[in-house]
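The lines below spell out each chain.
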Amino acid sequence: MKIVVGISGGSGSIYAVSLLKALQQLDIETHLVVTTMGGYVTEHECGIGLEELKGMATYFHDNKNFAAPIASGSFKVDGMVVIPCSMKTLSSVANGFSDSLLTRACDVTIKEKRKMVLVPRETPLSPIHLENMLKLSKIGVTIFPPSPGFYNHPESIEDIVLNMTGRILDMLGIDNNLVNRWKGQ
Ligand SMILES: Cc1cc2nc3c(=O)[nH]c(=O)nc-3n(C[C@H](O)[C@H](O)[C@H](O)COP(=O)(O)O)c2cc1C
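Counting of residues starts from 1 at the beginning of each chain's written sequence and follows it residue by residue. Whole-chain, interface and lining totals are the exception, using all residues; otherwise, since this is a predicted model, local features are given only for residues with pLDDT of at least 70 and side-chain atom pairs are given and counted only at 80 or more. Side-chain figures throughout are based on the complete set of non-hydrogen atoms in the structure, without hydrogens or water.

For the chain, the name recorded in an unreviewed UniProt entry is Flavin prenyltransferase UbiX, with [Clostridium] ultunense Esp as its organism. UniProt positions are given in the numbering used here, feature names are shortened, and annotations may be inferred rather than shown by experiment. The chain has a UniProt comment under Catalytic activity (unreviewed entry) that states "dimethylallyl phosphate + FMNH2 = prenylated FMNH2 + phosphate". Regarding the chain, the relevant UniProt record gives this comment under Function (unreviewed entry): "Flavin prenyltransferase that catalyzes the synthesis of the prenylated FMN cofactor (prenyl-FMN) for 4-hydroxy-3-polyprenylbenzoic acid decarboxylase UbiD. The prenyltransferase is metal-independent and links a dimethylallyl moiety from dimethylallyl monophosphate (DMAP) to the flavin N5 and C6 atoms of FMN."

This is the structure we're talking about:
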C-alpha cells in the first residue's frame, strides 16, 4: 500500500508522528508532505525537527514541489490523510485552492475518488469551518476530529493517541491492533 501523509499547522502533531510510526511498522509506503506551519508546530509540540520527521517516512516531498509524483493522479496511491488539518488547509481543500503540494495532493485524491481523511483541529468551530467540513463530507471525505472516547478508560496520552491512530488506520481500511475495541458489556 501507499499512503500520502500531510502535516499542516494545526495543533496535535503528536497524532501525525504516531501515524507515521504505525505505517512504518506496518511496512506501508508513505509519502510525506509538511507545510511550513506543520513543521513549526511539530517542532514546538513534539520537539521533532523536519530532518527527524523525514526519517519517519519512506519518501518526503517539499511542499513547493508541484512536480512530485503525488501531484499527479496518474501516480497511484491508496489514500491520503492530513493530520492535523488546520482550518486554513481545510478551507483550501474545500475550495480546490491548490497552492501547495499538500493541497494539490488532496485535490488529486478527491478527483481520483480515493480515500481522503482529514483530521481537523480547532475549537470552537465557526460556521465557516463547519460548512467546509460538511461540503467535504458530502463528497466522501472522512472528517475525523481527533476527539477521543473515554469508554475504554485511557490511562495516558499515549493510550489516547494510539487509539485515535488505530481508528484513522481503520478509516483507510488498514488492519491494526491499536484500537481498544468495545466488545459489549
Ligand atoms: C502553536 C500553534 C498552534 C496552532 N494550532 C492551530 C489549530 O489547532 N488549528 C488551526 O486551524 N490553526 C492552528 N494554528 C494556526 C495555523 O498554523 C495557521 O493558520 C497556518 O496558516 C496554517 O497553515 P497551513 O495549513 O499551511 O499549515 C496554530 C499555530 C500555532 C503557532
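(A) A look at the nonpolar core. Counting residues in hydrophobic clusters, the biggest one holds 29 residues, and the most contacted among them are Val 5, Leu 53, Val 81 and Ile 83. Runs of E in the DSSP output that reach at least two residues are strands. Runs of H or I that reach at least four are helices, and both are numbered from the N terminus. Breaking this core down by element, the ones donating at least two residues are β1 (2-7), α1 (13-25), β2 (29-34), β4 (79-85), β5 (115-120) and α7 (157-171). In terms of residue count, α1 provides more of this core than any other element does, seven residues in total. Should any heavy atoms of two residues lie within 4.5 Å, those residues are counted as being in contact. If we ignore the near neighbours within four places in the chain, the residues touching Val 5 are Leu 19, Leu 20, Leu 23, Thr 30, His 31, Leu 32, Val 33, Val 81 and Ile 83. Among buried residues, the Ala, Val, Leu, Ile, Met, Phe, Trp, Tyr and Cys ones that are joined through side-chain atoms within 4.5 Å form a nonpolar core. Think of it in three bands: residues with accessible area under 20% of the maximum for their type are buried, residues over 50% are exposed, and the middle band is partly exposed, with areas taken using a 1.4 Å probe on protein chains only.

(B) Representation of the side chain of Thr 89. By the element assignment, Thr 89 lies in helix α4 (residues 87-94). Residue Thr 89 is classed as buried on the basis of its relative accessible area of 5%. Ignoring anything within four residues of it in the chain, the contact list for Thr 89 reads Ser 8, Val 82, Leu 102 and Thr 103.

(C) Structural context of the site of the ligand. We call a residue near a molecule or strand when any one of its heavy atoms sits within 4 Å of it. Taken together, 14 residues lie around the ligand, and Gly 9, Thr 35, Ser 86, Thr 89 and Arg 121 are the ones closest in. One nitrogen or oxygen atom from the side chain of Thr 35 is found 2.6 Å from an oxygen atom belonging to the ligand. Between Lys 88 and the ligand, the recorded distance is 2.9 Å, taken from a side-chain N or O atom to an oxygen atom. Throughout, the Shrake-Rupley method with a 1.4 Å probe supplies accessible areas, and for residues the shown protein chains are the sole cover considered. In isolation the ligand has 640 Å² of accessible area, and contact with the protein removes 71% of it. Of all the secondary structure elements, the ones that give two or more residues to the shell around the ligand are α2 (36-46) and α4. Note on residue classes: Ala, Val, Leu, Ile, Met, Phe, Trp, Tyr, Cys and Pro are nonpolar, Asp, Glu, Lys and Arg are charged, and everything else, Gly too, is polar. Residues belonging to the shell around the ligand are distributed by class as follows: four nonpolar, seven polar and three charged. Under the rule applied, a polar contact is a pair of N or O atoms within 3.5 Å (in protein, one hydrogen donor and one hydrogen acceptor; residues adjacent in sequence only if both atoms are side-chain atoms).

(D) Representation of the packing of aromatic side chains. Pairing of aromatic side chains requires ring centres within 6.5 Å, counting the rings of Phe and Tyr and the six-membered ring of Trp. Pairs whose planes differ by under 30 degrees are stacked, by over 60 edge-to-face, and all others tilted. Counted according to the given criterion, the structure contains one aromatic pair. Note on Tyr 151 and Trp 182: the rings are 5.9 Å apart at their centroids and 85° apart in plane angle, and the pair reads as edge-to-face. One end of the pair, Tyr 151, is in the loop between β6 (142-143) and α7; the other, Trp 182, is in the segment after α7, with 31 residues separating them in the sequence. Summarising the burial analysis for this pair, Tyr 151 and Trp 182 share the class exposed.

(E) Geometry of empty space enclosed by the protein. Grid points spaced at 1 Å and placed over the protein atoms alone form the basis of the search, with a cavity being a set where a 1.4 Å probe fits but cannot get out and a pocket an open set showing protein on both sides within 12 Å along at least five of seven lines. Lining residues have an atom within 4 Å of a point. Grid points are joined across faces, edges and corners, and a volume is the space filled by probe spheres set on the points. Going through the model one piece at a time under the given rule, you end up with one cavity of 30 Å³ or more. Roughly 40 Å³ of volume is contained in the largest cavity. Along the walls of the largest cavity sit Val 4, Ile 70, Ser 72, Phe 75, Val 77, Met 80, Ala 105, Val 108, Thr 109 and Arg 114, which together make up its complete lining. The biggest single contributor to the lining of the largest cavity is helix α5 (residues 101-111), with three residues. Partitioned by chemical class, the residues of the lining of the largest cavity number seven nonpolar, two polar and one charged.

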